[in-house]
Amino acid sequence: MKKHFDNHNAIRLKYENEGVEGFYSKHADEYQNPHFEYIRQLIIQNEHHLDYTKGLDFCAGNGEVSQVWQELGYKDFVGSDCFTYNNYEKNFNIPCLKYSFEDIIKGNFEFSHKFSVIICSFAMHLCPEKWLYSLTYNLLEYSQKLVIITPHKRPQLENLAQIALTFEDFVLTQKGKKVFLKIYEKALNTF
Ligand SMILES: C[S@@+](CC[C@H](N)C(=O)[O-])C[C@H]1O[C@@H](n2cnc3c(N)ncnc32)[C@H](O)[C@@H]1O
């Protein structure tokens, strides 16, 4: 039976004890996002100004983002997750990419095409700060917009050189906490 890691503190404790990689290597099958409804709400309420026709669900988990795209009728999407790709493949019956943050940063990846959007939900805060610039920049080579869904202040990609926060939205959880949807793009040269 699946265990539900139903609050952030429980997950944070496990990250502390086992490390992020250790946690996901051991518990990939048990992962469930208790905030899925907020992810769904944010993706749906921003459909009018985001292009979901060729999406990459980066750090896909079980494919929470892909599930919403599917519900909205989109078919041309793909997930990537170096730990939970089995779950994703089971859920969608399509191959899942297996790229880690490290792979993207080091250029050890190959996308066969550009994406209309890349969404990284509840995951990029797990990437060490010192890697964020390369990760963000390399992802933005493959999509004009990188969308971050997060209940945290991090990742603050707006602090990175050449990266601009171009839109922000949020929904409130039942406990009154904000879950954000943030759109990042390469900043235009101003000279
Ligand atoms: C909290 S889950 C979020 C999953 C899903 N996107 C969601 O919104 O529920 C974080 C995800 O980040 C992935 N992850 C952890 N460390 C990673 C790394 N170094 N590189 C890429 N993905 C990683 C995990 O496998 C996990 O699926």
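See the structure above.
Rules and cut-offs
- Residues numbered from 1 in each chain as written.
- Predicted model: local features only at pLDDT ≥ 70, side-chain atom pairs only at ≥ 80, totals over all residues.
- Heavy atoms only, no water.
- Pairing = 2+ DSSP bridges.
- Helix = DSSP H or I, 4+ residues; strand = E, 2+ residues; numbered from the N terminus.
- Axes fitted to C-alpha atoms, helices over the stretch in contact; angles between N-to-C directions.
- Contact = heavy atoms within 4.5 Å.
- Core = buried A, V, L, I, M, F, W, Y, C linked by side-chain atoms within 4.5 Å.
- Buried < 20%, exposed > 50% of the residue type's maximum accessible area, 1.4 Å probe, protein only.
- Domains from an automatic or database assignment.
- Phe/Tyr/Trp six-rings, centres within 6.5 Å; stacked < 30°, edge-to-face > 60°.
- Lys NZ or Arg CZ within 6 Å of the ring centre and 35° of its normal.

Visitor: Mind showing me how you'd approach the sheet that holds strand β3 (residues 117-121) here?
Guide: Note on sheets: strands pair through backbone hydrogen bonds, and any given pair is parallel or antiparallel. The strand order β2-β1-β3-β4-β6-β5 describes an open sheet built from six strands, whose pairing is mixed. Of all strands in the sheet, those bounded by a partner on one side alone are β2 (77-80) and β5 (163-172). Shown here is a sheet whose adjacent strand axes are inclined to one another by a mean of 20 degrees, direction ignored. Strand direction decides the pairing type here: strand β4 (residues 146-150) and strand β6 (residues 178-186), joined by five bridges, are antiparallel. Across the sheet, the residue bridging to Ile149 is Leu181, located in β6. Of the strands in this sheet, β1 (55-58), β2 and β3 are in contact with helix α4 (residues 64-71), which crosses β1 at around 150 degrees.

Visitor: Quick question: what am I supposed to make of the nonpolar core here?
Guide: Generally speaking, a soluble globular protein has its nonpolar side chains buried in company with each other. The biggest cluster of nonpolar side chains holds 32 residues, and the ones touching the most others in it are Phe58, Phe101, Ile104, Met124, Leu135, Leu146 and Leu157. Where this core is concerned, the elements lending two or more residues are α1 (8-18), α2 (20-27), β1, α6 (101-106), β3, α7 (129-140) and β4. Top element by residues in this core is α7. It accounts for four residues. No fewer than three residues from each of domain 1 (1-32) and domain 2 (34-186) sit in this core. When near neighbours in sequence (up to four residues on either side) are disregarded, Leu135 contacts Phe58, Phe101, Ile104, Ile105, Met124 and Cys127. Phe36, Ile119, Leu181 and Ile183 belong to the second largest nonpolar core, which has 25 residues in total.

Visitor: I'm lost on the packing of aromatic side chains in this one. Help?
Guide: What characterises a pair of aromatic rings is the spacing of the ring centres plus the angle enclosed by the ring planes. Within the structure shown, the criterion is met by 17 aromatic pairs. Plain terms: the ring middles of Phe77 and Phe92 are 5.8 Å apart, the flat faces sit at 85 degrees to each other, and that makes the pair edge-to-face. Taken as a pair, Phe77 in strand β2 and Phe92 in helix α5 (residues 85-92) lie far apart in primary sequence, 15 residues in all. The same class applies to Phe77 and to Phe92, which are both buried. With a centroid separation of 5.1 Å and 50 degrees between ring planes, the pair formed by Phe109 and Phe111 is classed as tilted. In this structure Phe109 comes out as buried when scored by relative accessible area, which is 17%. Phe111 gets classed as buried once you look at its relative accessible area, which sits at 9%. By the ring-pair criterion, three or more aromatic residues cluster together here, those being Tyr52, Trp69, Tyr74, Phe77, Tyr88 and Phe92. Above the ring of Tyr85, the side-chain terminus of Lys98 is found at 4.7 Å from the ring centroid. When the ring centre of Phe180 is taken as reference, the NZ or CZ atom of Lys182 above it lies at 5.1 Å.

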